[in-house]
Amino acid sequence: PYFQRGKIEGMKITYIAPDSIFSKAGLRRGDIILTLNDIPIRTTEDSYRIFETLKTSPYIEVKIKRNNNILTLRAEVR
């Protein structure tokens, strides 16, 4: 998790597999995932639950914080 002012703001990426959907979407080590397909991610359990929904989604849309900027990245899953 990534904390801001004592609250969990999102999940900080520490590793990205080179050929993963997340790498193809443009995520980088150090990015902070705020939402995944418009669903906030605050805990590891949130991320596991959301990843299950990706199995049926044609795309992934990730809102991240990178260098204090908010970005939205999108990639097709298939």
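Read on for an overview of the structure. (Residues numbered from 1 in each chain as written. Predicted model: local features only at pLDDT ≥ 70, side-chain atom pairs only at ≥ 80, totals over all residues. Heavy atoms only, no water.)

**Brief notes about the overall build of the chain**
A tally of regular secondary structure across the chain gives two helices and six strands. For the chain, the α and β elements follow one another from N to C terminus as β-β-α-β-β-α-β-β. In terms of overall dimensions, the chain is globule-like: its C-alpha atoms have a radius of gyration of 12 Å, near the 12 Å expected for 78 residues. Projected onto its principal axes, the C-alpha coordinates of the chain cover approximately 40 × 25 × 20 Å. Taking all 78 residues of the chain together, 36% fall into the buried category. Taking the contacts inside the chain whose residues are at least 6 apart along the sequence as the reference set, 39% of them involve residues at least 24 apart. Surface summary for the chain: the accessible area is close to 5400 Å², and the carbon and sulfur share equals 50%. Of the side chains in the chain, 14 bear a positive and 9 a negative charge, and the two mean positions are spaced by 5 Å. (Helix = DSSP H or I, 4+ residues; strand = E, 2+ residues; numbered from the N terminus. Rg over C-alpha atoms; globule rule 2.2 N^0.38 Å. Buried < 20%, exposed > 50% of the residue type's maximum accessible area, 1.4 Å probe, protein only. Contact = heavy atoms within 4.5 Å. Areas by Shrake-Rupley, 256 points an atom, 1.4 Å probe, with all protein chains shown as cover. Lys, Arg positive; Asp, Glu negative; His and termini not counted. Charge placed at Lys NZ, Arg CZ, Asp CG, Glu CD.)

**Considering the pairing of strand β6 (residues 69–76)**
For strand β5 (residues 59–66) and β6, the ladder comprises eight bridges, and the chain directions are antiparallel. Within β6, the residue paired with Glu61 across the bridge is Arg74. Hairpin geometry of β5 and β6 is characterised by an intervening segment of two residues between the two adjacent antiparallel strands and by a positive phi of about 55 degrees at Asn67. (Pairing = 2+ DSSP bridges.)

**Thoughts on the packing of aromatic side chains**
If you walk through the whole model with that rule in mind, you get zero aromatic pairs. A cation over an aromatic ring shows up here: Arg74 above the ring of Tyr59, its NZ or CZ 3.9 Å from the ring centre. (Phe/Tyr/Trp six-rings, centres within 6.5 Å; stacked < 30°, edge-to-face > 60°. Lys NZ or Arg CZ within 6 Å of the ring centre and 35° of its normal.)

**Some points on the nonpolar core**
Core analysis: the largest hydrophobic core is formed by 16 residues, its most contacted members being Phe22, Leu27, Leu36, Ile60 and Val62. Elements with a contribution of two residues or more to this core: α1 (21–25), β3 (32–36), α2 (44–54), β5 and β6. (Core = buried A, V, L, I, M, F, W, Y, C linked by side-chain atoms within 4.5 Å.)

**Considering the pairing of β5**
Taken together, the four bridges between β3 and β5 define a ladder with antiparallel strand orientation. Residue pairing for β5: Thr35 is matched across the bridge by Lys63.

**Notes on α2**
All of the buried residues in α2 are Asp46, Ser47, Ile50 and Leu54. Angular distribution of buried residues about the axis of α2 spans 95 degrees; they occupy a single face of the element. Exposed side of α2, more than 90 degrees from the buried face: Glu45, Tyr48 and Arg49 are the residues found there. Buried-residue contacts for α2 involve α1, β3, β4 (39–40) and β5. (Arc of directions from axis to C-beta.)

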